[in-house]
Each structure stands twice: as C-alpha cells, then as structure tokens.
Amino acid sequence: MDIIHHLQISRQKILTFQKLISARCYRNTLQSSKAKASWCNNEHTELYRQKTCSKHFNSSPYKVEGNQWITQRRIGASLNNYPQCGNLPSCVPMIGGISLKLPGQLHSHCYRPIHTSARLNILLPPHVWLLIKPVQKLFAIILGRSVRKWWKSLPSNKRQMFKENLKQNKWKLIASITSLGIVFILFYCTHLEESPITGRSRLLLFKKEHYNFLTTMEYENLIEEYKDIMLPKEDPRYQLVQKIVDHLIACNGDLPEVSKMEWVVHVVEKSEINAAVMQNGQIFVFTGMLNAVADTHQLSFILAHELAHAVLDHTAEMGSVTHFLDFLLLISLALIWALCPMDSLAIVGQWIHSKLKEYMFDRPYSRSLESEADRVGLQLAAKACVDVRASSVFWKQMEFSENFGGLPRTPEWLSTHPAHENRADQLDRLMPEALKLREMCNCPALPLPDPRIIFDQSVKVFLKSSGGQ
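Everything numeric here is computed off the predicted structure, so don't read it as measured data. (Residues numbered from 1 in each chain as written. Predicted model: local features only at pLDDT ≥ 70, side-chain atom pairs only at ≥ 80, totals over all residues. Heavy atoms only, no water.)

What's the story with the packing of aromatic side chains in this structure? I'm lost.
What the rule picks out here adds up to 14 aromatic pairs. Aromatic side chains tyrosine 188 and phenylalanine 324 sit 5.8 Å apart centroid to centroid with 45° between the ring planes, which places their arrangement in the tilted category. With tyrosine 188 in helix H6 (residues 170-190) and phenylalanine 324 in helix H12 (residues 314-328), this pair connects stretches of sequence that are 136 residues apart. The exposure class assigned to phenylalanine 324 is buried, which follows from its relative accessible area of 14%. Taken together, Phe184, Phe187, Tyr188, Phe324 and Phe327 form an aromatic cluster joined through their ring pairs. (Phe/Tyr/Trp six-rings, centres within 6.5 Å; stacked < 30°, edge-to-face > 60°. Helix = DSSP H or I, 4+ residues; strand = E, 2+ residues; numbered from the N terminus. Buried < 20%, exposed > 50% of the residue type's maximum accessible area, 1.4 Å probe, protein only.)

In structure tokens, the structure reads:
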C-alpha cells in the first residue's frame, strides 16, 4: 500500500477516535457570584466592569439544544466584540465539513499579571544601519588591503624597526586593545534589557517602533505578491483563523504587547506549510498550514507560537545582536584582508568568515529564539484553554511526514529552526507547567486518552502494517 495512503488512513483513525471520545461539545458552567464580582474588579478588566460584565453574565448570546450550541448572534460579527467575561461555543465548523473544537471558553478571568520590562530608545533605526553596513565592510576591506600593501612596500630594515618598536610599546598596545574591549563590553552591558514574560537578559539596540519603515515595506511587498491568492473574509478557512486569533488575543489581553497591538489576519491560498506574524501585527497563514494540522488545537498552538515572536520582539532582538556582532567582527575582517597575501585568498577568507558567523552564531541564535517562542506560545495557548498536548503531536506529525513521505530533511545545525523531533521533546518537557497554568485558568478538563498516545499508537499500527507487506 502506498505510504501516503497509509498516512491518510492513520490520520483519519486519529480524527475518528478523537471525535468518538469528544462527541459532545462542553458547556462550561458560569462562575459563582463571588467569583464573578472578584473577576470584574480585576485591574485588567476595569473598563468592562460597568458596561459589560453584569450585562453579559445575565444574558448569554448562546443557547443550548441537546448537546449542540446554537448561536443567537448575528452572522459575520467579530468574536473580538464579545465582552471578555463571556462564553464561546466549544465547536466550530472546519474545512471540508469536519467539525473541530474551538478551545474551551475565553476564560479571560484567568488573567495573571506577567512582568514585562521597560523599553529603551536607543541609537539609529535599523534601516539606517542597513545602509551603513556595506560601507563598514568596504571600509574594513580597504583598510586591511591598504595595510597589506603598505607592509609589502616597506624595505626589510624598516620592517625590522617596526617590529622592534612594537615590542618596546607592547604594553601600550595591550592597554589600547583592552580599552577597546572594555568599551564594547560596557556598550553591551548598558544596552541589555529584560525580555517580556521569560525575563531573559538580551541585547536590544532597537525596539519594535524602529522597524516600522522596514515592516511597512515588507508588508506592502507581501500584499502585492499575494493579492491574487488572498482568501476573502467570507471563506470558512479565513473565519476559522480569525476566530482562533481573536480567542488567543482575548485570553492574553493582560499582556500590553498583545492588547495594544492591532492584529490583522491574512489567509493565503498556498500549499507551503507556513505561518508568520509581522512586527506590526499582520498575520499571514498559508492554507498549506491549515491542511497540515489535525485540529484547531494544533492550529491554535501554531498561531500562539507566531504571536509569541511578536510579543517577545524577536525581530528587533535578532537585528540588534546581528548589527552589534557585525560591527565587532569588522576588526577580524580587516585582519583577513591585511594578512592574506593575495586578494583572491582574502575573498575566500572573507567567505569562510561569513559562513562561520552564520553557522556558529546566527543559526544557533535563531534556533534559540524559536525554542523560546515555543515555550511562550505554549503559555499563551494554555491561557486560552487549548489542548496544549496537541502541540507536540503536530511536530511529531511533521517528523513522521519527513521520514515516510519522502520530503527533504535539513540537518538541525544547518537550519534556523530546531529539528521537529527536538521541538516535540521540548514541548513535552514543558507540558506539566502548561497543564498547571491551564488548570489555574479554570479551563475544562482535557479529554482522555492523551492525543500523544493516540498518535504513537497510530504510528505503530502504520509501521506494522507497512512492514508486513
């Protein structure tokens, strides 16, 4: 039997079994009057207290007939218009007529204040540094090449005198180099900032607002590129993504980085398995990602992961570190052009220099940011009452597809993202913390059996059946 056909059968078994064990939609009970009053006095929801809380607790836009939720709300209205103390239906229509669960309630009353750091206004905007960077490299190359030509033009006796002069003043030279190093260290230490949510110290020369110019240019280019394949707002796939995004944002409104941003959804008809969130809140999701996920819980985690990148200002952080490192490595670039005897060798040395920087720093640093986004995205999803166990299942599915679907596989050390297997393992290690956070948010109990167990069993069945042929 064809491998892809086996994979489709296994996936259908998973979906069928999940629908059997969660055939009815959960209706979450309202909190006690005391809990409602306590929540409505929360500092993050004070604006809703007079106008929305009491009104919405007394009248719900949903009614129940049997085990199905029937909405009385106007079709096409935005979920974001709902008061944050309201209920959401736990089932929504999915692509192809399959009914998949929307994660739990809004549960905005589970808000937990998370410490975030203050922002600093530092240096020039990044697009200015992008213009300066080629000039810096050219200066380093010209300087190094000039030093090499000057050294070659010196007579042997003057070379000897220069070396002896260096020996006599070696302590002055060491002091100068040390002073320069101290300046770099002081600059680095004085521009450290605490990352939101995780509290990690990081170099941040820029902030989100500094990227407005570059982000606007990138956004306009994407809109121009995808204008003919954008899904309309009436498309069920667009509406699904919009509902999930609204749900995640509403449940994480205690974060200033979430509540102050204007988030806009774009769904692109493209087979690539990808999703991205720009620094200005523009969310792009390819339909290939919608086809790759098994349910809305997996899609919710993917979107939470992308939101986490924006919340944590990873674009600004990566740009800051890259610009600082490039400036620091100008010295080594100048040395390459000064010490290599020929220009051709210097060009090779410069290429090796750039590749070493890329594979020894840039890509590992990018993988660490991806891991951090997984961790924070898991927290955002947990606060939204998503079945966070589906997060590791998604990456196991991706790993399985690569291994048995004939897809090309890039070694982790060559990639900007962690390997699928390692991402799944990391999420499983973080799962107890996420489940505890979910419980603190008074989310409904998760159904059994665990989807991770279901997937592992389905893979075993597939391997057994395919191996027996």
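Explain the environment of isoleucine 229 here, please?
Checked against the element boundaries, isoleucine 229 lands in the loop between helix H7 (212-226) and helix H8 (236-251). Judged by relative accessible area, isoleucine 229 falls into the partly exposed class, the value being 30%. Here the alpha-carbon distance between isoleucine 229 and glutamate 269, two residues 40 residues apart in the chain, equals 5.3 Å. Those residues in contact with isoleucine 229, other than ones at most four positions away along the chain, are Val267, Val268 and Glu269. (Contact = heavy atoms within 4.5 Å.)

Explain the side chain of serine 392 here, please?
With respect to the secondary-structure elements, serine 392 resides in helix H15 (residues 389-404). Take serine 392: its relative accessible area is 0%, and that puts it in the buried class. A distance of 3.4 Å separates the side chain of serine 392 from the backbone oxygen of arginine 389, its partner in a polar contact. For serine 392, the side chain forms a polar contact with the side chain of aspartate 428, separated by 3.0 Å. For serine 392, the residues in contact, after removing those within four places along its chain, are Ala424, Leu427, Asp428, Met431 and Arg452. (Polar contact = N/O pair within 3.5 Å; in protein donor to acceptor, adjacent residues only side chain to side chain.)

Sorry, what's going on with the pattern of salt bridges here?
Two side chains bearing opposite charge may form a pair once their charged atoms approach each other closely. Taken as a whole and judged by the stated rule, the model has 22 salt bridges. Its salt-bridge partner being lysine 396, residue aspartate 428 comes within 3.8 Å of it at the nearest N-O pair. Taken together, the residues span a long stretch of sequence, with aspartate 428 in helix H16 (residues 420-440) and lysine 396 in helix H15 at a distance of 32 residues. Judged by its relative accessible area of 23%, aspartate 428 falls in the partly exposed class. (Salt bridge = Lys/Arg side-chain N within 4 Å of Asp/Glu carboxyl O.)

How should the pairing of strand S7 (residues 264-268) be read in this particular structure?
On a regular strand, one side chain projects to one face of the sheet and the next to the other, so that they alternate. For S7, a buried count of four out of five residues is recorded, marking the element as mostly surrounded by other parts of the structure. Bridge count for S7 against strand S9 (residues 282-286) is five bridges, and the pairing is parallel. Each bridged residue has a counterpart across the sheet, and for valine 265 the counterpart in S9 is isoleucine 283. (Pairing = 2+ DSSP bridges.)

What exactly am I supposed to notice about the side chain of glutamate 317 here?
Examined against the element boundaries, glutamate 317 turns out to sit in helix H12. A relative accessible area of 0% places glutamate 317 in the buried class. A distance of 3.1 Å separates a polar atom in the side chain of glutamate 317 from a polar atom in the side chain of arginine 202. With residues near it in sequence (within four places) discarded, glutamate 317 still touches Arg200, Arg202, Leu203, Leu204, Tyr365 and Leu369.

Explain the sheet that holds strand S8 (residues 275-277) here, please?
Strand pairing in a sheet takes place through backbone hydrogen bonds and is either antiparallel or parallel in direction. The strand order across the open sheet formed by three strands is S7-S9-S8, and the pairing between neighbours is mixed. If you trace the sheet from one side to the other, it starts and ends with S7 and S8, each paired once. Direction aside, the axes of adjacent strands within the sheet are offset by 10° on average. The sheet contact formed by S8 and S9 spans three bridges and is antiparallel. From the neighbouring strand, valine 277 faces S9, where its bridge partner is isoleucine 283. Along the sheet, helix H11 (residues 296-311) makes contact with S8 and S9, crossing S8 at roughly 30°. (Axes fitted to C-alpha atoms, helices over the stretch in contact; angles between N-to-C directions.)

Could you clarify how one ought to interpret the packing of helix H4 (residues 126-153) against H12 in this entry?
Working note: a packed helix pair is described by the angle between its axes plus the distance between those axes. Taken N-terminus to C-terminus, the directions of H4 and H12 make an angle of 20°; their axes are 11 Å apart at the nearest point. As judged from the angle between their axes, H4 and H12 are roughly parallel. Crossing of H4 against H12: the hand is left-handed. The residues of H12 that touch H4, namely those facing Pro126, Trp129, Leu130, Lys133 and Gln136, are Thr322, His323, Asp326 and Phe327. For the contact of H4 with H12, a count of residues per class yields four nonpolar, three polar and two charged. (Parallel < 35°, antiparallel > 145°, perpendicular 65-115°, else oblique. Left-handed = near helix turned anticlockwise from the far one by under 90°. Nonpolar A, V, L, I, M, F, W, Y, C, P; charged D, E, K, R; others polar.)

Before we go on, may I ask you to explain H4 in this structure?
Given 3.6 residues per helical turn, the α-helix brings residues three or four places apart onto the same face. Under the 1.5 Å per step criterion, the end-to-end length of H4 is 40 Å for 28 residues, consistent within 8% with the ideal 40 Å. The axis of H4 is deflected most strongly, by about 30°, at isoleucine 132, and proline proline 134 appears within four residues downstream. The complete set of buried residues in H4 reads Pro126, Lys133, Gln136, Ala140, Ile141, Gly144 and Arg148. Of the surrounding secondary structure, the elements contacted by the buried residues of H4 are H7, H12, helix H13 (330-339) and helix H14 (343-383). (Expected span 1.5 Å × (residues − 1). Bend = angle between axes of the 7 residues up to and from the residue.)

Explain H7 here, please?
Over its 15 residues, H7 extends 21 Å from the first C-alpha to the last, a length consistent with the 21 Å expected when each residue adds 1.5 Å. Those residues of H7 that sit buried are Thr215, Leu222 and Tyr226. Seen from one end, H7 has its buried residues packed into an arc of 30°, which puts them on one side. Where the residues of H7 are buried, they touch S7 and S9. (Arc of directions from axis to C-beta.)

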